[in-house]
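What follows is each chain in one-letter form.
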Amino acid sequence: MTIRYHVTVSRLGDEWRAVCPALRRHGADIGGETREEALTHIDNAIQMILAQMQTDGIPPPPDETVPDSVVLTFAAEGEAE
């Protein structure tokens, strides 16, 4: 099973911000010096959030479709991507 999440990436001053609206309240709002770095950081953050949810027995929230976003795909329940 795979999970997909929409992520917005935008320039904010001197840094780039990547936000996953569906997981924002869990900490999926992170920056980077470049767009690519912000995307790498948000990918890692989402993986950690999903792993913690799985450990805690909490089902991942549904994705929130966002215009002009990037879609990231993650393996669920310990599967390889």
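Scroll up to find the structure this text is about.
Keep in mind that what you see is a predicted model, and the values were worked out from it rather than measured. (Residues numbered from 1 in each chain as written. Predicted model: local features only at pLDDT ≥ 70, side-chain atom pairs only at ≥ 80, totals over all residues. Heavy atoms only, no water.)

1. Side note on the overall build of the protein
Looking only at helices and strands, one finds one helix and four strands in the protein. Reading the secondary structure of the protein in the N-to-C direction produces β-β-β-α-β. Against the globule reference of 12 Å for 81 residues, the protein gives a C-alpha radius of gyration of 12 Å, in line with a compact fold. Expressed as lengths along the three principal axes of its C-alpha atoms, the size of the protein is roughly 40 × 25 × 20 Å. Within the protein, the fraction of its 81 residues that count as buried is 31%. Restricting to contacts in the protein with at least 6 residues of sequence separation, those with at least 24 account for 53%. Of the roughly 5,100 Å² that the protein leaves accessible, carbon and sulfur atoms contribute 50%. Where the 6 positive side-chain charges of the protein centre and where its 14 negative ones centre are 5 Å apart. (Helix = DSSP H or I, 4+ residues; strand = E, 2+ residues; numbered from the N terminus. Rg over C-alpha atoms; globule rule 2.2 N^0.38 Å. Buried < 20%, exposed > 50% of the residue type's maximum accessible area, 1.4 Å probe, protein only. Contact = heavy atoms within 4.5 Å. Areas by Shrake-Rupley, 256 points an atom, 1.4 Å probe, with all protein chains shown as cover. Lys, Arg positive; Asp, Glu negative; His and termini not counted. Charge placed at Lys NZ, Arg CZ, Asp CG, Glu CD.)

2. Considering helix H1 (residues 35-56)
With 22 residues, H1 should cover 32 Å at 1.5 Å per step; its first-to-last C-alpha distance of 31 Å lies within 8% of that length. Listing the buried residues of H1 in full gives Ala-38, Leu-39, Ile-42, Ala-45, Ile-46, Ile-49, Leu-50 and Met-53. For H1, the angular spread of the buried residues around the axis is 135°, confining them to a single face. Projecting away from the buried face of H1 at angles above 90 degrees are the exposed residues Glu-36, Met-48 and Thr-55. In this structure, the buried residues of H1 make contact with strand S1 (2-12), strand S2 (15-19), strand S3 (29-32) and strand S4 (70-75). (Expected span 1.5 Å × (residues − 1). Arc of directions from axis to C-beta.)

3. Thoughts on the pattern of salt bridges
Taken as a whole and assessed by the stated rule, the structure comprises three salt bridges. When the shortest N-O distance is used, the salt bridge between Glu-15 and Arg-17 registers 2.9 Å. On the accessibility criterion, Glu-15 (29% relative accessible area) is partly exposed. Among the salt bridges present, the one from Asp-29 reaches Arg-17, with a minimum N-O distance of 2.7 Å. Separated by 12 residues along the polypeptide, Asp-29 in strand S3 and Arg-17 in strand S2 bring together distant segments of the chain. (Salt bridge = Lys/Arg side-chain N within 4 Å of Asp/Glu carboxyl O.)

4. Brief notes about unusual backbone geometry
Within the chain, Asp-68 stands out as a residue other than glycine whose phi angle is a positive 55°. Assignment of secondary structure puts Asp-68 in the loop between H1 and S4.

5. What to know about the sheet that holds S3
The strand order S3-S2-S1-S4 describes an open sheet built from four strands, whose pairing is antiparallel. Looking at which strands have only one partner, the edges of the open sheet turn out to be S3 and S4. Put simply, the sheet's adjacent strands are angled 30° from each other on average, direction ignored. Pairing of S2 with S3 involves four bridges; the strand directions are antiparallel. In the strand pairing of S3, Ala-18 is matched with Ile-30. (Pairing = 2+ DSSP bridges. Axes fitted to C-alpha atoms, helices over the stretch in contact; angles between N-to-C directions.)

Nothing here speaks to function; it is geometry throughout.
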